[in-house]
Protein chains: 2
Amino acid sequence: MSDSVTMEKLVSLCKRRGFIFQSSEIYGGLASAWDYGPLGSALKNRLQSFWLREMTQLHENIVGLDTAIMMHPRVWEASGHVENFTDPLVDCKNCKRRFRADQIPDENLKDKKCPECGGELTEPRNFNLMFKTHIGPLEDDGSIVFLRPETAQGIYVNFRNILQSTRQKIPFGIAQVGKAFRNEITTKNFIFRTCEFEQMEMQYFVHPSQDKKWFDYWKNERIQYYYKLGVRKNKLRFSQHGPDELAHYAKEAFDIQYEFPFGWQELEGIHNRTDYDLKRHTEFSNKDMSYLDEITKERYVPYIIETSAGLNRSLLMVLSDAYDEETVEGETRVVMRLHPRLAPVTAGVFPLVKKDGLAEKARVIAETLKEEFNIFYDQGGAIGRRYRRQDEIGTPFCVTIDYDTKDDDTVTLRYRDSMQQVRVNVGNLAQRIADEIKAYKRTGE
Amino acid sequence: MSDSVTMEKLVSLCKRRGFIFQSSEIYGGLASAWDYGPLGSALKNRLQSFWLREMTQLHENIVGLDTAIMMHPRVWEASGHVENFTDPLVDCKNCKRRFRADQIPDENLKDKKCPECGGELTEPRNFNLMFKTHIGPLEDDGSIVFLRPETAQGIYVNFRNILQSTRQKIPFGIAQVGKAFRNEITTKNFIFRTCEFEQMEMQYFVHPSQDKKWFDYWKNERIQYYYKLGVRKNKLRFSQHGPDELAHYAKEAFDIQYEFPFGWQELEGIHNRTDYDLKRHTEFSNKDMSYLDEITKERYVPYIIETSAGLNRSLLMVLSDAYDEETVEGETRVVMRLHPRLAPVTAGVFPLVKKDGLAEKARVIAETLKEEFNIFYDQGGAIGRRYRRQDEIGTPFCVTIDYDTKDDDTVTLRYRDSMQQVRVNVGNLAQRIADEIKAYKRTGE
């Protein structure tokens, strides 16, 4: 693995091939917002489906949920966001620039001098990171709603609904994927930190005496998950939150970090949130959020173990991790070593040449395969160039229809990683591809 | 088909079984916002995946896209939303109530008398339906951003990016699923009209001379799509927009309507939007949005045929359409006749009794099946009750493990619609279920 990836190469490939575009680009863009193109949206969908499948389909005690972005404003008082979800900002009285107090040099803050113009700075004031809007025709305090800054609260306020409508017993989990919004002053690193982003959060409800056991269980489960995505193990690590880094609700917290081209950064947090959230919602809503164990007859407010992952960060991770360059016959081959279950295109289908009925034959094969897989059909240009274009977007398989196909009904199946080619009978092709996806192991591991 | 569905029954079942909950319910709810529970979120995901698969995987000339909710504010000037996306509102000077001018009786409007208190009404004023917020720390005009009121514009502003990053030639389409927001004064009919909702929009770019041909093509394709979802044909119809109903950008428009329990209402619109949008974006962005036909060398601004469907409405439609009651052995059986490809749970797996190793055997079968399907395992209570609970949520298949299973490795496969039972070998079970899903035909059709 050559580790040849840089952010410049990645951003460029993402735009050129249709993974990620700057949002509203024709109007000069909008504060680090990004749009996911044909390949990027397919990859993002696959990451999301894979997470949901792992969480809900494969765990019979974890159920899915999909809650509204706009919630009752009391939710954010109960959660502590109205009070605490703030950054300290200072203004320059001279040049009117605004800064995060924790991001300007200490001497400027101490002398209250603007780092840009030397003018006088105001005292730091707390700026709330929640986006706010008004629902209904009146723009007054009574109509304020926030765009949720996290998906977790949508799960907590539905705890009773889930208990009543399913037969789940503790321990059990609730999983949700959805958008969240934070009015970040400093967005950066491509899609890594943006104002609008997607979270994949699972909240696991446990008996308070079992919190450590389940925290350790989920810590292990979640790192295994990234291995299953085909990410290199030496690029992943845990990072524990020290006592002074812990959020006000957390008893214990670990991040899973990935080594991005810009350094080790958080992918996912695993938090023991204790009974903080359910107790706060009990206090603010006057609704009982306790749980009755029907066997022991014990009534208690469960502890919550949270696994909170960023979908956009996961996407940036798999792209960074997959990017590779190697020299083949004197030329640089760029290849995205994406796990086949994530690759936006599963197979390219190519007639060697258009003529002599090969294109028609290839079309029939493509039509059959596309019932099950995402297929890219391409009949133009040299076959080597067609392979390279698929390598660059991570397509794990290419199927080539040639003159032998007409004789013996076999095609060439070409592997992205090894560039090896084998002959496969057309009738076995779909099953072969399905088997290869399941059996995939990244080379070099 | 008994057509026994009412909104009361549907809303009650949705809450009781975990399809749909009132959002922020413990805080008294929020203006007609809804959360999708374990079954509702699964059903919504399946509807979304089915639409995306039909559009992109099965059409090689339609690509996916997923754009940001917050876009550059100039987008909404170009689209006409800042100017035209308004409702006329009047205020009562006496009781301070606010009304949509087009929803109060004509005589009240004429006499300027409040329909509630008889007080004097103001002149109607236009109220813009876009939600607005501020990005960055300053709440001034320069920081205003809107929550998108439709997903279509995200497609138009990326037209050039798609042309450059894919090799699509006209005609081709771009498909997107995502949230949109409208500050509706009158929300109603459960999830039918809400402020926060999800659209499934596909924009098809065509030569201006071919607009009628492609309009008719998509009109037919889209009604066929609803038949594929298993919806009854007599509950679907087209409704053409008359000349005075057409939106300012539209040359021709048809709605596909479904007969909900509250009457015939729009599910999807099919619009010939002409070259209006691309020309407006050219004007406002100063970027060339034309297309060069490389064969004829003709350069032109394409026309757009739009198919715009509501995901939440589709969900309400499939639930309404599936709901059925029948009398079985003197009791009312509630059964959701959902298409098996949409049903949140594909199969219930039940040991006839817990003892004698049947539960262990059933667990092994459930573990194998859940690799491919959403499985609900249940070992408690009378078998008839367990079947009924699955009927009510639309689970198309139940698998029962009994004493014969231990002898001959067969299980009972029970069909939701007919309640018929057949014996199937355990080794053939997964393939049999997959085949049944593909072959499904709704009874009575």
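Before reading on, note that the structure itself is shown above.
Quantities reported herein were computed from a predicted structural model and do not represent experimental measurements.

Conventions adopted
- Residues numbered from 1 in each chain as written.
- Chains lettered and ligands numbered in written order.
- Predicted model: local features only at pLDDT ≥ 70, side-chain atom pairs only at ≥ 80, totals over all residues.
- Heavy atoms only, no water.
- Helix = DSSP H or I, 4+ residues; strand = E, 2+ residues; numbered from the N terminus.
- Buried < 20%, exposed > 50% of the residue type's maximum accessible area, 1.4 Å probe, protein only.
- Contact = heavy atoms within 4.5 Å.
- Areas by Shrake-Rupley, 256 points an atom, 1.4 Å probe, with all protein chains shown as cover.
- Expected span 1.5 Å × (residues − 1).
- Arc of directions from axis to C-beta.
- Pairing = 2+ DSSP bridges.
- Axes fitted to C-alpha atoms, helices over the stretch in contact; angles between N-to-C directions.
- Salt bridge = Lys/Arg side-chain N within 4 Å of Asp/Glu carboxyl O.

## Focus: the overall build of chain A
Logical step 1: Of regular secondary structure, chain A possesses 14 helices and 23 strands.
Logical step 2: Seen through its principal axes, chain A has C-alpha atoms that stretch 75 × 70 × 45 Å.
Logical step 3: Here chain A, with 445 residues, has 59% of them falling under the buried criterion.
Logical step 4: Contacts spanning at least 24 positions in sequence make up 66% of the contacts within chain A whose residues lie at least 6 apart.
Logical step 5: When the accessible surface of chain A is totalled, it reaches about 18,200 Å², and 46% of it is carbon and sulfur.

## With respect to helix α11 (residues 358-369) of chain B
Residue and element names in this part refer to chain B.
Logical step 1: Between its first and last C-alpha atoms α11 spans 17 Å; for twelve residues at 1.5 Å apiece the expected length is 16 Å, and the two agree.
Logical step 2: Of all the positions in α11, only Leu 358, Ala 359, Ala 362, Ile 365, Ala 366 and Leu 369 are classed as buried. Viewed along the axis of α11, the buried residues span an arc of 125 degrees, placing them on a single side of the element. Within α11, the exposed residues directed more than 90 degrees away from the buried face are Glu 360, Val 364 and Thr 368.
Logical step 3: Those residues of α11 that are buried are in contact with β19 (347-351), β20 (375-377), β21 (397-401), α13 (403-408), β22 (410-415) and α14 (429-439).

## Some points on the sheet that holds strand β9 (residues 172-181) of chain A
Residue and element names in this part refer to chain A.
Logical step 1: Spatial strand order, β3-β9-β10-β16-β13-β12-β11: seven strands in an open sheet with mixed pairing. The sheet is open, and its two borders are formed by β3 (62-64) and β11 (236-240), each paired with just one other strand. On average, each strand axis in the sheet is tilted by 25 degrees relative to the strand beside it, whichever way the strands run.

## With respect to the pattern of salt bridges
Logical step 1: For the structure on display, the rule yields 85 salt bridges over all chains.
Logical step 2: The salt bridge involving Lys 44 of chain B is made with Asp 66 of chain A; its shortest N-O contact spans 2.4 Å. Placement of Lys 44 of chain B in helix α2 (residues 38-57) and of Asp 66 of chain A in the loop between β3 and α3 (74-78) is noted, with the two residues assigned to different chains.
Logical step 3: Given the relative accessible area of 2%, Lys 44 of chain B is considered buried.
Logical step 4: Take Asp 66 of chain A: its relative accessible area is 12%, and that puts it in the buried class.
Logical step 5: Across the pair Asp 91 of chain A and Arg 125 of chain A runs a salt bridge, and its minimum N-O distance is 2.4 Å. Highlighted residues: Asp 91 of chain A in strand β4 (residues 86-91) and Arg 125 of chain A in strand β6 (residues 125-128), separated in sequence by 34 residues.
Logical step 6: On the basis of relative accessible area, Asp 91 of chain A is assigned to the buried category, the value being 10%.

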